[in-house]
Amino acid sequence: MSVSNPYDALFEPVKIGPVTARNRFYQVPHCCGLGHVRPQAHAAMRGMKAEGGWAVVSTEEAEIHPTSDLSPYAEQRIWDERDIPALKLMTDAVHAKGALAAIELVHNGSHAMNYLSRAPLLAPSDITMEAVYPKQARAMSKADIQSFRQWHRSAARRAMQAGFDIIYVYAGHRMTLAHHFLLPQYNKRHDEYGGSLENRARLLRQLLEDTKEEVGSQCAVAFRFAVDEMLDDGGMTWQKEGQAIVKMLAEIPDLWDVNVSNWANDSATSRFEKHEGYQTPYIEFVKKVTNKPVVAVGRITSPDYMLSMVKDGIVDFIGAARPSIADPFIPNKIRAGRIDEIRECIGCNVCVSSDGLGVPIRCTQNPTIAEEWRRGWHPEKIAIKGQQESALVIGGGAAGLECAMQLARRGYEVTLAEARPEMGGRILDESSLLGLSAWKRVLDYRLFDIQRRANINMYNHSHLSAEQVLEFGVPNVFVATGASWRLDGVGRSRRDPITSDQSLPIYTPDDVMQSNLPDALLMPHVLLFDDDLIYMGGVMAQHLVEGGYKVSVVTSASVVSPFAELTLEQPMIQKRLLDSGVTIIANHAVTAVQAGEVHLVCNYTGRIQKISASGLLLVTEKQRHSTLYDALMAMDDPGLQHLELIGDAANPGLLADAVYSGHLAARNFEEPAGEVEQQQFRREIIALD
Ligand code: ADP
Ligand code: SF4
């Protein structure tokens, strides 16, 4: 007798116009830093999602014409016939694993930069381009609008030739021409394309109808639409214009892919949107208005929530970008009842940051993403061991846990030693901070996996010296002893310690995470110096404010946590701090502590100002913990086959870097050095024709 899966409803096929999806798991369009620049890597990455069970796998946005040129970012490109073969690599890879392939056609209007094409920028009305660059977009003439419709139509035809099953019309994220026509802030026209909602939606309707006419008997036409702009001061809301548009166009597309705008709201981090399904309140009206299938997102990772969304009639498809990056095998794991094995997205947006840098996507939870082609990595498979039998991993933080887990998967007898009472290292520490609790998933996933394996022994409370390492008698040693925040103020701004007469207590983020700070009553005013500029300074400031401290932030940059611009969080971080009464002093660095005052120097003028405070918190740079490794290296004949320093002890960085480092070490162990080196050089070379 076959036992039914409680999540069977998630595996029902669903018709989308002329095509049928095999189940309800839908990878919505997402950027990946691969795009038209790295087509083989792109095809392999999307193909892996299809292998993992997704029914629909989409591209990122695909520029339809040189007037929508997003260079230097690596998005898709479907300007002419010559782009078809690269895109076909992706559709073939996706089809080979039984999924449908979707393409998100886009014209970015004034959001495009056209740095490469140098084409004129197009917009509904005259407007400055979005990027800070001295160029303005011009209001499109009727002839421009006709041309645009023709470009979109031709791109849809080429997409069909490339083998796509679903073709998108895209009006979202405030990044597309179709969206700009809809929004009164962008559209000041007085003709039939401006003014009333009906008029502002005219172009959208035409694009949908054109696309259907061009490909509709063979491909489905999806409409990606942001129903709400989530703006404090006006803008489109789902209750009014968002809903009116869905009603107006209800039955034209074959599928509604609905979300919120802008991208920062759509891809909100767990720091700012704690709960999965955070978009549901905005989109749940859609299915009541249209008979067409609906897909929506919201960092959805739990099968029970997915099931409720389907059973409650909120969506037909569970949409995912980030959850499908963190775990491309979510559908297969649910189907096989292996729910505990899902690697849940932590909502950190490190993936998003790679798009902004124009480099291949990376992910804190899934170190294999974008390495499917270059290194041949599979998220669920790893080569079995070679000649060696055992390995010792020292340090149970992000790098050590990942390394130990993968070595155990390869079949080695693994010993994992951790100095502290619990495994987790910086994951445990950082996830204790306000807003970062979801980051603990990095630990949970690995610990769960390790605990089930018979060939891995974990020892807590085990601070190892070099001699003790050798006493284990294990010839292969991976040292993942981490790093800690510096207490001397050395960082980007200064390479020498700050001077202090010890009139103020000085702390680091490690003290905060280990609860070593005096109570706010004893140390009411903390001056925080952020010279790290990644995320920790902003996180610390908010954490202390909520703990009752008065906080002043001194940053050597012109904004707080500038790296967070890449994770789409910076404006939210700064707003929240200002709303909490935090004073922000930009473009300054701490030089000294004297007579209860902190001396700050202006980056530009060198002028000194003095601020009194009751404590100083330094977020500057990390000190590597390499003493153990150095001691082992210094031994005359330690009798080790393999000794490797990994993670933050080797190169302090993001949590994603530590996980990747642990993964890389485990994969490369016992592999021929030449092959390992070659993988680094594997890249897509431009053909010279
Ligand atoms: P990474 O991000 O590189 O994994 P973490 O700081 O998260 O670094 O983890 C390093 C871990 O190593 C910490 O949990 C720390 O307690 C542990 N550790 C450091 N030195 C030793 C040692 N000599 N023996 C055992 N564990 C150690
Ligand atoms: Fe999720 Fe972070 Fe991975 Fe992006 S990088 S998919 S947000 S875990």
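Scroll up to find the structure this text is about.
Just so it is clear, the model here is predicted, and its values are computed rather than measured.

> How would you summarise the overall build of the chain if you had to cite specific residues and measurements?
Helix and strand counts for the chain come out as 24 helices and 30 strands. Referenced to the eigenvectors of the C-alpha coordinate spread, the extents of the chain come out at roughly 75 × 65 × 55 Å. Counting only residues that meet the buried cut, the chain has 61% of its 689 residues in that class. Long-range contacts, defined here as pairs at least 24 residues apart, represent 71% of the contacts in the chain between residues at least 6 apart. Here the chain has roughly 26800 Å² of accessible surface; of this, 50% comes from carbon and sulfur atoms. Counting 68 positive and 85 negative side-chain charges, the chain places the averaged centre of each group 5 Å from the other.

> Tell me about helix α14 (residues 350-357), and name the residues and values.
Within α14, 6 of the 8 residues are buried, which leaves it mostly tucked inside the rest of the structure. One or two positions beyond α14, positive phi appears at Gly 358, with a value near 70 degrees.

> For the site of ligand 1, give the residues involved together with the corresponding values.
Neighbouring residues of ligand 1: 23 residues in total, closest Ala 398, Ala 399, Glu 418, Arg 426 and Asp 648. Contacts to ligand 1 include Ala 419, whose backbone N or O atom sits 3.1 Å from a nitrogen atom. In the model, an oxygen atom of ligand 1 is placed 2.8 Å from a nitrogen or oxygen of the Arg 426 main chain. The protein chains hide 92% of the 580 Å² of surface that ligand 1 would expose on its own. The element best represented in the shell around ligand 1 is helix α15 (residues 398-410), accounting for 3 residues. In terms of residue class, the shell around ligand 1 is made up of 9 nonpolar, 10 polar and 4 charged.

> Quick one: what's the story with the packing of α15 against helix α23 (residues 655-668), residue by residue and with numbers?
Across the interface, α15 lies against α23 with an axial gap of 7 Å and an inter-helix angle of 30 degrees. Put simply, α15 runs roughly parallel to α23. You can see that α15 and α23 cross each other, and the crossing is right-handed. On α23, the residues touching Ala 398, Ala 399, Glu 402, Cys 403, Gln 406, Leu 407 and Arg 410 of α15 are Leu 655, Ala 658, Val 659, Gly 662, His 663, Ala 665, Ala 666 and Arg 667. When its residues are assigned to classes, the contact of α15 with α23 shows 9 nonpolar, 3 polar and 3 charged.

> Lay out the packing of helix α3 (residues 142-161) against helix α6 (residues 202-215) with the relevant residues and their values.
Axis separation between α3 and α6 bottoms out at 9 Å; the angle between their running directions is 35 degrees. Crossing of α3 against α6: the hand is right-handed. Facing α3, whose interface residues are Ile 145, Phe 148, Arg 149, His 152, Arg 153, Ala 156, Arg 157 and Met 160, α6 presents Leu 203, Gln 206, Leu 207, Asp 210, Thr 211, Glu 213, Glu 214 and Val 215. The residue makeup of the contact of α3 with α6, split by class, is 7 nonpolar, 3 polar and 6 charged.

> Can you explain the sheet that holds strand β21 (residues 506-507)? Please cite residues and give values.
Taken in spatial order, the 5 strands of this open sheet run β21-β28-β22-β23-β24, and their pairing is parallel. A single partner strand is all that each edge strand has here, and the edge strands are β21 and β24 (583-585). Bridging between β21 and strand β28 (residues 615-619) involves 2 bridges; their strand directions are parallel. Across the sheet, Ile 506 pairs through a bridge with Leu 616, a residue of β28.

> Describe the pairing of strand β9 (residues 136-139), with residues and values.
In terms of strand pairing, strand β7 (residues 122-123) meets β9 through 2 bridges, oriented parallel. Within β9, the residue paired with Leu 122 across the bridge is Arg 138. As defined by bridge partners, strand β8 (residues 127-128) adjoins β9 across 2 bridges and the pair is classed as antiparallel. Bridge pairing in β9 links Thr 128 to Gln 136.

> Please provide a residue-by-residue account of the sheet that holds strand β27 (residues 608-612), values included.
Across the sheet, 4 strands lie side by side as β20-β25-β26-β27; this open sheet has mixed pairing. Bordering the open sheet on either side are β20 (499-500) and β27, each of which pairs with just one other strand. Across 5 bridges, strand β26 (residues 597-602) lies against β27 in antiparallel orientation. Note that in β27 the partner of Val 598 across the bridge is Ile 611.

> Residues and numbers for unusual backbone geometry, please.
The general pattern is negative phi for most residues beyond glycine and trans for most peptide bonds. In the segment running from Ser 71 into Pro 72, the intervening peptide bond is cis, with an omega of 10 degrees. Inspection of the secondary structure assignment puts Pro 72 in the loop between β4 (56-63) and β5 (76-77). Residues Ser 261 and Asn 262 are joined by a peptide bond in cis, for which omega reads -10 degrees. Position of Asn 262 among the secondary structure elements: in the loop between β12 (255-260) and α8 (263-266). Here the phi dihedral of Ala 595 falls at roughly 50 degrees; this positive angle occurs in a residue that is not glycine. Tracing the backbone shows Ala 595 in the loop between β25 (588-594) and β26. With a phi close to 70 degrees, Glu 670 is a non-glycine residue in the positive phi region. Checked against the element boundaries, Glu 670 lands in the loop between α23 and α24 (673-681). Overall, Glu 670 belongs to the partly exposed group, its relative accessible area being 30%.

> Describe the site of ligand 2, with residues and values.
Surrounding ligand 2, one finds 13 residues, the nearest of these being Cys 345, Cys 348, Asn 349, Cys 351 and Cys 363. Counting residues per element, the ones that place at least two in the shell around ligand 2 are α12 (322-326) and α14.

> Please set out the side chain of Thr 290 residue by residue, giving values where relevant.
In this fold, Thr 290 is placed in the loop between α10 (286-289) and β13 (294-296). Looking at Thr 290, its side chain comes within polar contact range of the main-chain oxygen of Ala 250, at 2.9 Å. If we ignore the near neighbours within four places in the chain, the residues touching Thr 290 are Ala 250, Glu 251 and Trp 256.

> Quick rundown of the pattern of salt bridges? Include the residues and the values.
Considering all chains together, one arrives at 43 salt bridges under this definition. One salt bridge connects Arg 205 with Glu 198, and the closest N-O pair in it is separated by 4.0 Å. For Arg 426, the salt bridge is made with Glu 430, and the minimal N-O distance between the two is 3.0 Å. Remark: Glu 430 and Arg 426 occur in helix α16 (residues 425-430); sequence separation between them is 4 residues, near one turn of the helix. Taken as a pair, Arg 426 and Glu 430 share a single burial class, namely buried. What emerges from the salt-bridge pattern is a single network uniting Arg 149, Arg 153, Arg 157, Asp 210, Glu 213 and Glu 214.

> Can you explain the environment of Ile 16? Please cite residues and give values.
Along the chain, Ile 16 turns up in strand β1 (residues 14-16). When its relative accessible area of 0% is taken as the criterion, Ile 16 is described as buried. Not counting residues up to four positions away in its chain, the partners in contact with Ile 16 are Ala 21, Tyr 26, Val 56, Ile 166, Ala 220, Asp 254, Leu 255, Pro 293 and Phe 317.

Conventions and cut-offs
- As a convention, each chain's residues are numbered from 1 in the sequence order in which they are written.
- For this description, chains carry letters from A and ligands carry numbers from 1, given in the order in which they are written.
- Confidence filtering applies because this is a predicted model: local features only for residues at pLDDT of at least 70, side-chain atom pairs given and counted only at 80 or more, and all residues used for totals across whole chains, interfaces and linings.
- Side-chain metrics rest on all non-hydrogen atoms present in the structure, leaving aside hydrogens and water.
- Where helices and strands are cited, they refer to DSSP runs of H or I of at least four residues and of E of at least two residues respectively, numbered from the N terminus.
- Note on classification: 1.4 Å probe, protein chains only; a residue is buried when its accessible area is under 20% of the maximum for its type, exposed when over 50%, partly exposed between these limits.
- By definition, residues are in contact when any of their heavy atoms lie within 4.5 Å.
- The protein chains shown are the only cover counted for residues, whose accessible areas, like all others here, come from Shrake-Rupley with a 1.4 Å probe.
- All tallies of charge rest on Lys and Arg as positive and Asp and Glu as negative; His and the ends of each chain are not included.
- Taken as the charge location is NZ of Lys, CZ of Arg, CG of Asp or CD of Glu.
- Distances are taken per atom, and a residue is near a molecule or strand as soon as one of its heavy atoms is within 4 Å of it.
- Polar contacts, as used here, are pairs of N or O atoms within 3.5 Å; protein pairs need one atom able to donate a hydrogen and one able to accept it. Residues neighboring in sequence count only if both atoms are side-chain atoms.
- Just so you know the grouping, Ala, Val, Leu, Ile, Met, Phe, Trp, Tyr, Cys and Pro go in nonpolar, Asp, Glu, Lys and Arg go in charged, and all remaining residues, Gly too, go in polar.
- Note on method: axes are straight lines fitted to C-alpha atoms, helices fitted across the in-contact stretch only, with angles between N-to-C directions ranging 0 to 180 degrees.
- For classification purposes, an angle smaller than 35 degrees is called roughly parallel, one larger than 145 roughly antiparallel, one from 65 to 115 roughly perpendicular, and anything else oblique.
- Crossing handedness: left-handed means the near helix sits turned counterclockwise from the far one by under a right angle, and right-handed means the same turn made clockwise.
- Between any two strands, at least two bridges found by DSSP are needed for them to pair.
- One speaks of a salt bridge when a side-chain nitrogen belonging to Lys or Arg is within 4 Å of a carboxyl oxygen belonging to Asp or Glu.

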